[in-house]
Amino acid sequence: MNKPLTYETWDEWEGIEVDETTADRGALAVLTWAYDQYKEKLVYACSFGIEGIVLIDFISKVNPTATIVFLDTNLHFQETYDLIDKVKKRYPSLQIRMQQPELSLQEQAATFGDELWKTDPNKCCEMRKIIPLRKALEPAIAWISGLRRDQSETRRHTNYFNRDDKFQKIKVCPLIHWTWKDIWRYVHKHDLPYNELHDKGYPSIGCAPCTSPAFNLDDLRSGRWSGTQKIECGLHEG
Ligand code: SF4
């Protein structure tokens, strides 16, 4: 795991070898290597879902003053904001930043009409998630994401280090080999705080208007934008 990576190699990407047979399935080694390599130019964009909680715990061991960005669309459940407060108390040295969209909800409604998430959810995600993430990643070389291969068909080929053409960064995904059960075992073993909505049938939690309770082990993201063709907010699309 010593191949040096620089921003210049983004368009000439070559993967690196990681031992995934350890109890943490390579996650700690990947994070340690990535923080060592990219230092303050590595940003974690956390949704505070259950995978995010595991990653935060790992990151606090590897880099206790790491920067963590939350894309605050102003449309999250109160339970999500409550969880962020708990995480701040448990890991006081982490730098948790709430990245806001350019337009307030009122300004968005005045320009694009009420409840844009119903009329044009892609536009809504673009303005409230994708553009804010692009801004948050401006100074970064790489960003961390909690993607797991068994989350969905579109995530099955995710690697530890990925060339992210959309944001022109390197995307680091330490949890690719973790299963849903692995995640929960770790959370309970270490008594980590988590979103109360997980206990109410929400395996995947995003903005309140676009998230329903829908527990389906074969498709843990089925409660996101349910009843529409949309399956991703666009942060992880080509
Ligand atoms: Fe808008 Fe829904 Fe996307 Fe949130 S998830 S930004 S409410 S469309």
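An unreviewed UniProt entry annotates the protein as Adenosine 5'-phosphosulfate reductase of Oikeobacillus pervagus. Looking at the Pathway (unreviewed entry) heading of the UniProt record, one finds this comment for the protein: "Sulfur metabolism; hydrogen sulfide biosynthesis; sulfite from sulfate." On record in UniProt, under Catalytic activity (unreviewed entry), the comment for the protein is "[thioredoxin]-disulfide + sulfite + AMP + 2 H(+) = adenosine 5'-phosphosulfate + [thioredoxin]-dithiol".

Novice: For this particular structure, what's the right way to read the site of the ligand?
Specialist: In the vicinity of the ligand, ten residues are found, and the nearest of them are Pro121, Cys124, Cys125, Cys207 and Cys210. In this structure the site holding the ligand corresponds to the second largest cavity. With five residues, the top contributor of residues to the shell around the ligand is helix H6 (residues 121-136). Split by residue class, the shell around the ligand holds eight nonpolar, no polar and two charged.

Novice: In this structure, what is going on with the pattern of salt bridges? I would like to understand it.
Specialist: Side-chain pairs of opposite charge can arise whenever the charged atoms involved come near each other. Following the criterion strictly, the structure yields nine salt bridges and no others. The salt bridge involving glutamate 115 is made with lysine 118; its shortest N-O contact spans 2.9 Å. The class for lysine 118 is exposed, based on a relative accessible area of 58%. Arginine 156 is paired through a salt bridge with glutamate 153; the nearest N and O atoms lie 3.2 Å apart. The network of salt bridges with common partners includes Arg25, Asp182 and Arg185.

Novice: Quick question: what am I supposed to make of the pairing of strand E2 (residues 67-71) here?
Specialist: Along any regular strand, the residues point their side chains to alternate faces of the sheet. Burial of E2 is extensive: four of the five residues sit out of reach of the surface. Where strand E1 (residues 42-45) and E2 come together, two bridges link them in parallel fashion. Residue alanine 45 lies in a different strand from E2, and its bridge partner there is valine 69. In terms of handedness, the path from E2 via helix H3 (residues 78-90) over to strand E3 (residues 95-99) forms a crossover that is right-handed.

Novice: Sorry if this is basic, but what is going on with the pairing of E1 here?
Specialist: Covered by surrounding structure in E1 are Leu42 and Tyr44 together with Val43 and Ala45, the residues of both alternating faces. The pairing of E1 with strand E4 (residues 142-144) spans three bridges and is parallel. Among the inter-strand pairings, valine 43 is bridged to a residue of E4, identified as tryptophan 143.

Novice: Just to check I follow, could you spell out unusual backbone geometry for this structure?
Specialist: Although it is not a glycine, arginine 25 sits at a positive phi angle of roughly 55 degrees. Residue position: arginine 25 is located in the segment before helix H1 (27-38). Even without a glycine there, the phi angle at glutamate 115 is positive, about 50 degrees. A relative accessible area of 37% means that glutamate 115 is categorised as partly exposed.

Novice: I keep staring at the side chain of glutamine 108 and nothing clicks. Help me out?
Specialist: Locating glutamine 108 in the fold gives a position in helix H4 (residues 105-112). Contact partners of glutamine 108, with chain neighbours within four places excluded, come to Leu103, Gly113, Leu116, Trp117, Cys124, Met127 and Arg128.

Novice: Before we go on, may I ask you to explain the packing of aromatic side chains in this structure?
Specialist: Two aromatic rings, taken as a pair, are described by how far apart their centres are and by the angle between their planes. Inspection of every chain in the model, using the stated rule, returns eleven aromatic pairs. Both rings, one in phenylalanine 70 and one in tyrosine 81, keep their centres 6.3 Å apart while their planes meet at 85 degrees; by these two values the pair is edge-to-face. With phenylalanine 70 in strand E2 and tyrosine 81 in helix H3, this residue pair connects regions lying eleven residues apart in the sequence. A residue is classified by how much of its surface remains accessible, and tyrosine 81, at 18% relative accessible area, is buried.

Novice: Which parts of the structure should I look at to understand the nonpolar core?
Specialist: In summary, soluble globular proteins display a tendency toward joint burial of nonpolar side chains. Counting 49 residues, the largest nonpolar core has Tyr38, Phe48, Ile56, Ile144, Phe161, Val172 and Val187 as its most contacted members. If we ignore the near neighbours within four places in the chain, the residues touching valine 187 are Ile50, Ile53, Val54, Leu192 and Tyr194. Cys125, Leu133, Leu137 and Ala140 belong to the second largest nonpolar core, which has 14 residues in total.

Reading guide: rules and limits
- Residues numbered from 1 in each chain as written.
- Predicted model: local features only at pLDDT ≥ 70, side-chain atom pairs only at ≥ 80, totals over all residues.
- Heavy atoms only, no water.
- UniProt positions renumbered as here; feature names shortened; annotations may be inferred.
- Near = heavy atom within 4 Å.
- 1 Å grid on protein atoms, 1.4 Å probe; cavity = no way out; pocket = protein on both sides within 12 Å on 5 of 7 lines; lining within 4 Å.
- Sits in = over half its atoms within 2 Å of the grid points.
- Helix = DSSP H or I, 4+ residues; strand = E, 2+ residues; numbered from the N terminus.
- Nonpolar A, V, L, I, M, F, W, Y, C, P; charged D, E, K, R; others polar.
- Salt bridge = Lys/Arg side-chain N within 4 Å of Asp/Glu carboxyl O.
- Buried < 20%, exposed > 50% of the residue type's maximum accessible area, 1.4 Å probe, protein only.
- Pairing = 2+ DSSP bridges.
- Right-handed = clockwise from strand over helix to strand, strands pointing away.
- Contact = heavy atoms within 4.5 Å.
- Phe/Tyr/Trp six-rings, centres within 6.5 Å; stacked < 30°, edge-to-face > 60°.
- Core = buried A, V, L, I, M, F, W, Y, C linked by side-chain atoms within 4.5 Å.

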